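Residues per chain are reported as follows:
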Amino acid sequence: MKKLRIFALLLLLISALALSACGGDGDEKEPEADKTDHTHTEETTNKSPETTKSPETTKAPETTKTPETTNTPDTTNKEPDTDSPIYQPLPHVKDDFENCLFIGDSRTVGFLRYSNTGKAEVFASTGMNVFRVTKEEVTVNGETKTLDGVLSEKKYEKIYLMLGINEIGYDLDRVLQKYGELVDMITEAQPQAKLYIQANLHILHERSVKDKFYNNERLNYLNDGMKKLADGKNKIYIDVNPLFDDKNGGMKAEIAYDDFHPQGRYYTDWLNWLADNT
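Remember, predicted model here, so these are calculated numbers, not experimental data.

Draft legend 1. Representation of the environment of M185 within the structure. If you trace the backbone, M185 turns up in helix α5 (residues 172-189). Owing to a relative accessible area of 23%, M185 belongs among the partly exposed residues under this scheme. Once residues lying within four places of it in the same chain are set aside, the contact partners of M185 are T134, L147, D148 and L151.

Draft legend 2. Structural context of the packing of helix α3 (residues 106-114) against helix α9 (residues 266-277). Close contact between α3 and α9 brings their axes to 9 Å; oriented N to C, the two are set at 100 degrees. By the angle class used here, α3 and α9 are roughly perpendicular. Together, S106, R107, G110, F111 and Y114 of α3 and Y267, T268, W270, L271 and L274 of α9 make up the contact between the two elements. Looking at the contact of α3 with α9 residue by residue, the class counts come to six nonpolar, three polar and one charged.

Draft legend 3. Geometry of the sheet that holds strand β7 (residues 235-238). Sheet architecture is open: five strands sit in the order β2-β1-β5-β6-β7, paired in parallel fashion. This sheet does not close on itself; its edge strands, each paired only once, are β2 (121-124) and β7. Going from strand to strand, the sheet's axes swing by 20 degrees on average, the running direction of each strand aside. Sheet topology places strand β1 (residues 100-104) next to strand β5 (residues 158-162); five bridges connect them, and they run parallel. Its bridge partner lying in β5, C100 is registered against K158.

Draft legend 4. How the structure looks around the environment of L161. Considering the arrangement of structural elements, one finds L161 in strand β5. Residues L161 and I186, spaced 25 residues apart in sequence, show a C-alpha to C-alpha distance of 9.8 Å.

Draft legend 5. Just the packing of aromatic side chains, in detail. Counted by the stated rule, this structure contains twelve aromatic pairs. Taking 4.7 Å as the distance between ring centres and 15 degrees as the angle between the ring planes, the aromatic pair formed by F102 and Y160 counts as stacked. Of this pair, F102 sits in strand β1 while Y160 sits in strand β5, and the two are 58 residues apart along the sequence. For the pair formed by F102 and Y160, the shared burial category is buried. With a centroid separation of 5.3 Å and 15 degrees between ring planes, the pair formed by Y160 and Y196 is classed as stacked. Placement of Y160 in strand β5 and of Y196 in strand β6 (residues 194-198) is noted, with a sequence separation of 36 residues between them. Side by side, Y160 and Y196 carry an identical accessibility label, which is buried. One aromatic cluster in this structure is built from F97, F102, F111, Y114, Y160, Y196, F244, Y267 and W270.

Draft legend 6. Spotlight on the pattern of salt bridges. One pass over the full model with this rule turns up five salt bridges. For E181, the salt bridge is made with K178, and the minimal N-O distance between the two is 3.5 Å. Taken together, the positions of E181 and K178, both in helix α5 and three residues apart, correspond to about one turn of that helix. In this structure E181 comes out as partly exposed when scored by relative accessible area, which is 38%. We classify K178 as partly exposed; its relative accessible area is 22%. A salt bridge links D211 to R207; the nearest nitrogen and oxygen atoms lie 2.9 Å apart. By relative accessible area, which is 25% here, R207 ends up partly exposed. Several salt bridges share partner residues, and in doing so they unite R207, D211 and D259 into one network.

Cut-off values and rules
- Residues numbered from 1 in each chain as written.
- Predicted model: local features only at pLDDT ≥ 70, side-chain atom pairs only at ≥ 80, totals over all residues.
- Heavy atoms only, no water.
- Helix = DSSP H or I, 4+ residues; strand = E, 2+ residues; numbered from the N terminus.
- Buried < 20%, exposed > 50% of the residue type's maximum accessible area, 1.4 Å probe, protein only.
- Contact = heavy atoms within 4.5 Å.
- Axes fitted to C-alpha atoms, helices over the stretch in contact; angles between N-to-C directions.
- Parallel < 35°, antiparallel > 145°, perpendicular 65-115°, else oblique.
- Nonpolar A, V, L, I, M, F, W, Y, C, P; charged D, E, K, R; others polar.
- Pairing = 2+ DSSP bridges.
- Phe/Tyr/Trp six-rings, centres within 6.5 Å; stacked < 30°, edge-to-face > 60°.
- Salt bridge = Lys/Arg side-chain N within 4 Å of Asp/Glu carboxyl O.

Dropping the structure here:
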């Protein structure tokens, strides 16, 4: 009997071992992480990813080629085509202003845009004022220069100076002090030249009577102070306002482009006035 029990236990043990070898009842599962196909990952890590290839966009775009317009013939020394419908001759001015220098703000820029300054050099930019004029760089004859650089390059016979409209809202006594320093700088650098201190152009009367700062009363105060900087010899005060003023002492409405500037065609009248009076 005892032998039968031992035999039965051996049978049960053998059966259990057989079931274990066949995977059991399947209750235990592989961890999800172990199901990952690492062989594919290993292959791709050993290959250079496609994104490392230089994309086609790295090729120089066609626009970098020199445009055909650069082959425009050099007409610098050729006579202008006066038969062309777009040809507009430069306005006739009584003087070519050789060995002359103009210094100023947007009103002086107008000489370059709308008239004919001839052989003169122009150191001017929109918004220029007495506080910036010795620091700012301006393009003169295609080169970027400071005022000190321009004054040191050559000797001028005449220098025309007009600044002030952009400073009209400042303390005018402080402006005049700075103006005096500028005049001294110019005359020291160019002792042989005649410096023409131009009165600021008046603005429209209609604007003047409504504006607390931009008005002709303040402009006249500034102009009077500038006049005192002149000595009548090498520093000469000139006033073109009678050419442009109406009966109220403001710029004539019919010649005004805006409240502060004359129309383009009147810059030639201004230059001819300078030619006659300087």
